Amino acid sequence: MKSIFIDCTLGISGDMLASAFLDLGVPQSIFFDNLVSLNIEKNYNFKFNVGDSEGIKGIVFTKTEIQFKELSRSLNDIKKLLLDSSLNDYVKKKSIRVFEILAEAEANVHGNEISDVHFHELGSMDSILDIVNVCSAIDFLKPYNIYFSNPPSGKGIVYTSHGPLPVPVPTVLEIARQKKIPLSALDDKYFGEITTPTGIALLATFIDKFGQPDKINIKKIGIGLGSKNISRPNFLRVLLIDEDDNYIENKKPSYETIISQEAWIDDSTPEDVAVLIERLRSAGAIDVICYSVDMKKNRKGICIQAIVYPKHKNLLREAWFNYSTTIGIRENKISRWVLPRRTVSHKTKFGTVNVKQVMRPNDQISIKIEHKDLTEITLNTGIPIEEIRQKLIVELSEFYELDDWSF
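Residues numbered from 1 in each chain as written. Predicted model: local features only at pLDDT ≥ 70, side-chain atom pairs only at ≥ 80, totals over all residues. Heavy atoms only, no water.

Peer 1: Outline the overall build of the protein chain, listing residues and values.
Peer 2: Helices and strands together make up the secondary structure of the protein chain, namely twelve helices and 18 strands. Expected size for 407 residues packed as a compact globule is a radius of gyration near 22 Å; at 23 Å, the protein chain falls within 12% of this value. Counting only C-alpha atoms, the protein chain reaches 65 × 55 × 45 Å along its principal axes. Accessible surface for the protein chain amounts to roughly 20400 Å². Of this, 50% is attributable to carbon and sulfur atoms. Charge separation in the protein chain, taken as the distance between the mean sites of 50 positive and 54 negative side-chain charges, equals 3 Å. (Helix = DSSP H or I, 4+ residues; strand = E, 2+ residues; numbered from the N terminus. Rg over C-alpha atoms; globule rule 2.2 N^0.38 Å. Areas by Shrake-Rupley, 256 points an atom, 1.4 Å probe, with all protein chains shown as cover. Lys, Arg positive; Asp, Glu negative; His and termini not counted. Charge placed at Lys NZ, Arg CZ, Asp CG, Glu CD.)

Peer 1: How would you sum up the sheet that holds strand β15 (residues 330-338)? Please name residues and give values.
Peer 2: Overall, antiparallel pairing links the four strands, which are arranged β13-β14-β12-β15 in an open sheet. The open sheet has two edge strands, β13 (287-294) and β15, and neither has a second partner. Between one strand axis and the next, the sheet turns by 30 degrees as a mean value, whatever way the strands run. Strand direction decides the pairing type here: β13 and strand β14 (residues 300-308), joined by eight bridges, are antiparallel. Residue pairing for β14: Ile289 is matched across the bridge by Gln305. Against the sheet, helix α9 (residues 270-282) makes contact with β12 (254-265), β13 and β14, and its axis sits at roughly 10 degrees relative to β14, the strand it touches most. Contacts from helix α10 (residues 313-323) reach β12, β14 and β15, with the element oriented near 10 degrees to β12. (Pairing = 2+ DSSP bridges. Axes fitted to C-alpha atoms, helices over the stretch in contact; angles between N-to-C directions. Contact = heavy atoms within 4.5 Å.)

Peer 1: An account of the confidence of the model for the protein chain is requested, with residue identities and associated values reported.
Peer 2: Fine structural detail should not be taken from predicted coordinates in areas where pLDDT scores are low. Model confidence for the protein chain is summarised by a mean pLDDT of 87, while 93% of its residues fall at 70 or above. Below pLDDT 50 for its whole length, residues 245-249 participates in 18 contacts with residues either more than four positions away or in separate chains. In the predicted structure, residues 400-407 sits below a pLDDT of 50 and forms 33 contacts with residues beyond four places in sequence or in another chain. (pLDDT = per-residue confidence, 0-100.)

Peer 1: Account for the nonpolar core, naming residues and giving values.
Peer 2: One finds Phe21 and Leu280 to be the most contacted residues of the largest nonpolar core, which totals 83 residues. Counting eight residues, the second-largest nonpolar core is a separate cluster that includes Val353, Val355, Ile388 and Leu392. (Core = buried A, V, L, I, M, F, W, Y, C linked by side-chain atoms within 4.5 Å. Buried < 20%, exposed > 50% of the residue type's maximum accessible area, 1.4 Å probe, protein only.)

Peer 1: How would you sum up the state of the cysteines? Please name residues and give values.
Peer 2: Counting across every chain of the model gives zero disulfides. Here Cys135 is not disulfide-linked; the sulfur of Cys8 is the nearest cysteine sulfur, at 16 Å. Its sulfur unpaired, Cys290 is 8.6 Å from the next cysteine sulfur, which belongs to Cys303. (Disulfide = S-S within 2.5 Å.)

Peer 1: Lay out the sheet that holds strand β17 (residues 351-359) in plain terms, naming residues and giving numbers.
Peer 2: Neighbouring strands of a sheet are bound in pairs by backbone hydrogen bonds; such pairs are parallel or else antiparallel. Pairing within the open sheet is antiparallel, and its three strands lie in the order β16-β17-β18. Sheet topology places β16 (341-348) and β18 (365-369) at the edges, where each strand pairs with a single neighbour. Direction aside, the axes of adjacent strands within the sheet are offset by 30 degrees on average. Taken together, the five bridges between β17 and β18 define a ladder with antiparallel strand orientation. Bridge assignment links Val358 to a residue of β18, and that residue is Ser366.

Peer 1: I'd like a description of the pattern of salt bridges, backed by residues and values.
Peer 2: All chains considered together, the criterion is met by 20 salt bridges. As a salt-bridge pair, Arg281 and Asp287 come within 3.2 Å of each other at their nearest N and O atoms. Given the relative accessible area of 37%, Arg281 is considered partly exposed. Given a relative accessible area of 36%, Asp287 falls into the partly exposed group. One continuous salt-bridge network, built from bridges that share partners, spans Lys79, Arg97, Glu100 and Glu104. (Salt bridge = Lys/Arg side-chain N within 4 Å of Asp/Glu carboxyl O.)

Peer 1: Report on the environment of Val50, specifying residues and quantitative values.
Peer 2: Along the chain, the position of Val50 falls in strand β2 (residues 44-53). Exposure remark for Val50: the relative accessible area of 62% places this residue in the exposed category. Separated by 175 residues in the primary sequence, Val50 and Leu225 have C-alpha atoms spaced 9.1 Å apart. Setting aside anything within four residues of it in sequence, one finds Val50 in contact with Lys57, Gly58 and Ile59.

Peer 1: Quick rundown of the side chain of Ser19? Include the residues and the values.
Peer 2: By secondary structure assignment, the location of Ser19 is in helix α1 (residues 14-24). On the basis of relative accessible area, Ser19 is assigned to the buried category, the value being 0%. At a separation of 2.9 Å, a polar atom in the side chain of Ser19 contacts the main-chain carbonyl oxygen of Asp15. (Polar contact = N/O pair within 3.5 Å; in protein donor to acceptor, adjacent residues only side chain to side chain.)

Peer 1: I'd love a proper account of the packing of aromatic side chains, names of residues and values included.
Peer 2: Under the counting rule described, the total for this entry stands at eight aromatic pairs. Centre to centre, the rings of Phe99 and Phe119 are 5.8 Å apart; their planes meet at 65 degrees, and the pair counts as edge-to-face. With Phe99 in helix α4 (residues 89-110) and Phe119 in strand β5 (residues 118-119), this residue pair connects regions lying 20 residues apart in the sequence. The exposure class assigned to Phe119 is buried, which follows from its relative accessible area of 1%. What links up through ring pairs into an aromatic cluster is the set Phe31, Phe32, Phe46, Phe48 and Phe61. Between the NZ or CZ atom of Lys155 and the centre of the ring of Phe191, over which it lies, the distance is 5.0 Å. (Phe/Tyr/Trp six-rings, centres within 6.5 Å; stacked < 30°, edge-to-face > 60°. Lys NZ or Arg CZ within 6 Å of the ring centre and 35° of its normal.)

Below you can see the structure in the form of structure tokens.
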């Protein structure tokens, strides 16, 4: 089972998380697509650069504003911005949840109603991008579990739009109280904020468990550097791990439990069904199928089935009830065996393509090139898609590394 462990012992912020996920292997295109999805690609840009913090190498995330006027935004303003974007449903819902956690804390700190909360620094496009980028990265990785270490409290004073505030700032302290997040006391000479409101709100949104797993097979490590020079290493690391010892070591099929959700529908148009299926996929479905069924009064209907990891089942329920005419769904736990597999990017003479590799029980490896990449190449070159496929298979024939398998 592929999971991630986020070690935020030295601090946590949105940009550090995004940088660590990039270093872990999340494609840059995921982050740059967010600029387009939010319709700010002409006003905002960012760079990921390799840097070091007191000798620790990692990725540092820098953003550049281009003629962009920042505004104070309410929770409803941010919700509208996200809902009107072309981000997928999972990223929209998780990003909104982060801001709801921030708004709940801000409302309690200032003694206001949530509807009266206005974000200043937290409502900037800078913060919105950090949150959307982290949600998109987690959506890309689709980890089974997300572990966090205890974030540090920090100490000292910071200066905000409200004036000087003690560290941890009230919003961080309130989120820690509401979500029962234990803050650690770091023996540190640095005076300043090292756990940001955005960082702890992201933690509260995604955490499954605190602490490092008992047994981990580390597959990759991503290092995200903080932007501050604080005279000691300033970084966060994300570990891609596999919690099934035998699965990685023996390259054998893995047993897992997933959720099946199903509805029979006889009062929707084919166009509406197509939208529902897309919504289910965006909400985290592993796969969705549909087929014709005979229903009561001899009506022809459609059976739609979705399978999903247990942690995403609630998101799918929302999609069923919000985007279909069904008034109920059938839900069951099912078991399955899964072969070791991975999707990797590879540079070819036609450009970078994504390739799925599968390890068979007889140690043979099969590959399949993403059809979307094949389609893009054939549209750009005019070469028939089958000819491109055969040429790429020959070129990729030596691309059979046996390390770094996941599923």
